[in-house]
Amino acid sequence: MSGAEAITETAAVEPLIARSDAADRLVVADGPLAEMQLACGGEIPGLIAAPSLLELVRKSRGFGMKLGRPLVMRHSEGSLEGWAEVEPDGEGCSIRLSDWQQTSHCTGSGNGEATRLAVENLLAEGVVWLDEGQRVVAVESQAADLAPLVGQARVMRGQHWTGLFDFSGHDSGTPPIWQARSGMTVRIAGSSREWHLLLASANVGFQLLLRPVSENEYETEETDLLPPNLLGDELAPAMRNPVARIIRQAEAIRDRLAGPLPAEYREYALDMVNAGRHLGELADDLGDAEAIEHGTIAIFAEPVVVSDVAEIVCRLLQVRADARSVTFELSNSDAVAMADRKRVTQILLNIVGNAISYGPEGGRIAVDIGRNGVNVVVSVTDEGESLSAEEFIRMFDKFERLGRSGDGGSGLGLYIALMLARAMGGDLEGSTGEGGGNRFTLTLPSV
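Residues numbered from 1 in each chain as written. Predicted model: local features only at pLDDT ≥ 70, side-chain atom pairs only at ≥ 80, totals over all residues. Heavy atoms only, no water.

Caption draft 1: Inspection of the nonpolar core at higher detail. Core analysis: the biggest nonpolar cluster contains 44 residues, and Phe328, Ile347, Leu348, Ile365, Leu428 and Leu442 have the highest contact counts within it. At the level of secondary structure, the elements contributing two or more residues to this core comprise helix 8 (306-316), strand 15 (336-339), helix 10 (341-358), strand 16 (364-372), strand 17 (375-381), helix 12 (413-423) and strand 19 (438-445). Here this core takes eight residues from helix 12, the largest share from any one element. Filtering out sequence-adjacent residues up to four positions away, Ile365 remains in contact with Val326, Thr327, Phe328, Glu329, Val352, Ala355, Ile356, Val380 and Thr381. (Core = buried A, V, L, I, M, F, W, Y, C linked by side-chain atoms within 4.5 Å. Buried < 20%, exposed > 50% of the residue type's maximum accessible area, 1.4 Å probe, protein only. Helix = DSSP H or I, 4+ residues; strand = E, 2+ residues; numbered from the N terminus. Contact = heavy atoms within 4.5 Å.)

Caption draft 2: Here's a closer look at the packing of helix 8 against helix 10. Interaxial distance between helix 8 and helix 10 falls to 9 Å at its minimum, and their mutual angle equals 50°. Judged by the angle between their axes, helix 8 and helix 10 are oblique. In this structure, helix 8 meets helix 10 at a crossing whose hand is right-handed. The residues of helix 10 that touch helix 8, namely those facing Val309, Ala310, Val313 and Leu316, are Arg341, Val344, Thr345, Leu348, Leu349 and Val352. Residues belonging to the contact of helix 8 with helix 10 are distributed by class as follows: eight nonpolar, one polar and one charged. (Axes fitted to C-alpha atoms, helices over the stretch in contact; angles between N-to-C directions. Parallel < 35°, antiparallel > 145°, perpendicular 65-115°, else oblique. Left-handed = near helix turned anticlockwise from the far one by under 90°. Nonpolar A, V, L, I, M, F, W, Y, C, P; charged D, E, K, R; others polar.)

Caption draft 3: Representation of the side chain of Thr345 in the model. Note that Thr345 resides in helix 10. Since its relative accessible area comes to 17%, Thr345 is described here as buried. Within the structure, the side chain of Thr345 is placed 2.9 Å from the backbone oxygen of Arg341, a separation counted as a polar contact. (Polar contact = N/O pair within 3.5 Å; in protein donor to acceptor, adjacent residues only side chain to side chain.)

Caption draft 4: Examining the packing of helix 10 against helix 12 more closely. It is the contact of helix 10 with helix 12, at a shortest axis distance of 10 Å, that shows an interaxial angle of 145°. Of the two elements, helix 10 crosses helix 12, and the hand of that crossing is left-handed. For the pair helix 10 and helix 12, contact is made by Arg343, Gln346, Ile347, Asn350, Ile351 and Asn354 and by Gly413, Leu414, Ile416, Ala417, Leu420 and Ala421, respectively. For the contact of helix 10 with helix 12, the per-class residue count stands at seven nonpolar, four polar and one charged.

Caption draft 5: Quick peek at helix 8. Turning to helix 8, its buried residues number three or more, namely Val306, Ser307, Val309, Ala310, Val313 and Cys314. Looking straight down helix 8, one finds its buried side chains confined to an arc of 155°; they lie on one side. Exposed residues pointing more than 90 degrees away from the buried face of helix 8 are listed as Arg315 and Leu316. (Arc of directions from axis to C-beta.)

If you want it as structure tokens, here you go:
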């Protein structure tokens, strides 16, 4: 298995148990749940750091009733998923995670679990839908040799899916339910082909995805269904020229270079320009995110005077700041970091740009640079409404927008910034400023 692929750790049969208190702090947790709490940046005891679990606990406590649902908790190095049951008991909640599976990654998650499932769905010739208890709900297939399976699945509605297959040749000591989570080969009555069976979590319940096994899957231990850097190396570059052409033509219309134009159509052209720019930025962001997850992101470390980079970033963003009457306060420092100048600029453009966009009009943004032991520390503090502890945890998740919409963001900026900081041997954190507002602290190794 390549370093970019996910490594699935077979889970034990016993459920995981945890407890939270009245303030939604995780106070006790079995091993994998405790590891997830720490990997998401939390503490024990401390506020539940996995957003999906925190949401379920708060709903259960708020409604005063036991709640259960499939749950996936992810962090930068893996995930923990299973059937979660949360029950309030007056002083907090008891948490139980059954049918759980823990997944870790090596140098990255390839195209990510979502991409893997999308490919499996695309290639699947048969799909069996299951409920939360993994009982058969529905089945769909147009493949003639799967007709006997379709008929059997319809008869078995409400029964556990394992009754659909003969697992006598899979006596590996691991239950079929866990083999199917990472994918396994099965024979199906009435079909001369061998089939790859994958049990995947769905929005509600689970799916069984069946695709025929190709011949070359026997020749190698695994098959890469997509090029390693499909977005960054192929799709994003291919999009740049047509997107740039759309923007140029829309700008010509906006500026009336092709002749007189009613005002409302000029506004349409402006929308086209903004949408084109957003599409180009999104392609670049997706390419960066993909390279980060593959471990192929290019980092060229050199001595960098961080205050010079911060000054350049403020100049680049000055027009946006002026539009909102925002002022910068930049500290002077001779601190030198061993980092990639381009990536430091990219990180600061993101966090300073966010401070401009989401801070108050007429506000002040302080950019402070200093040393802390063997590190160079850059803090960017705005005067906006302080975020909650939960939001500071969630905001670094991929595609997380904190409920914002319509502002052209992709939800990838802070995720990429965090991963870039870590790739350079540093880190990026969010916290409440000493006098209020929000502070983002970038740490980089010093020379």
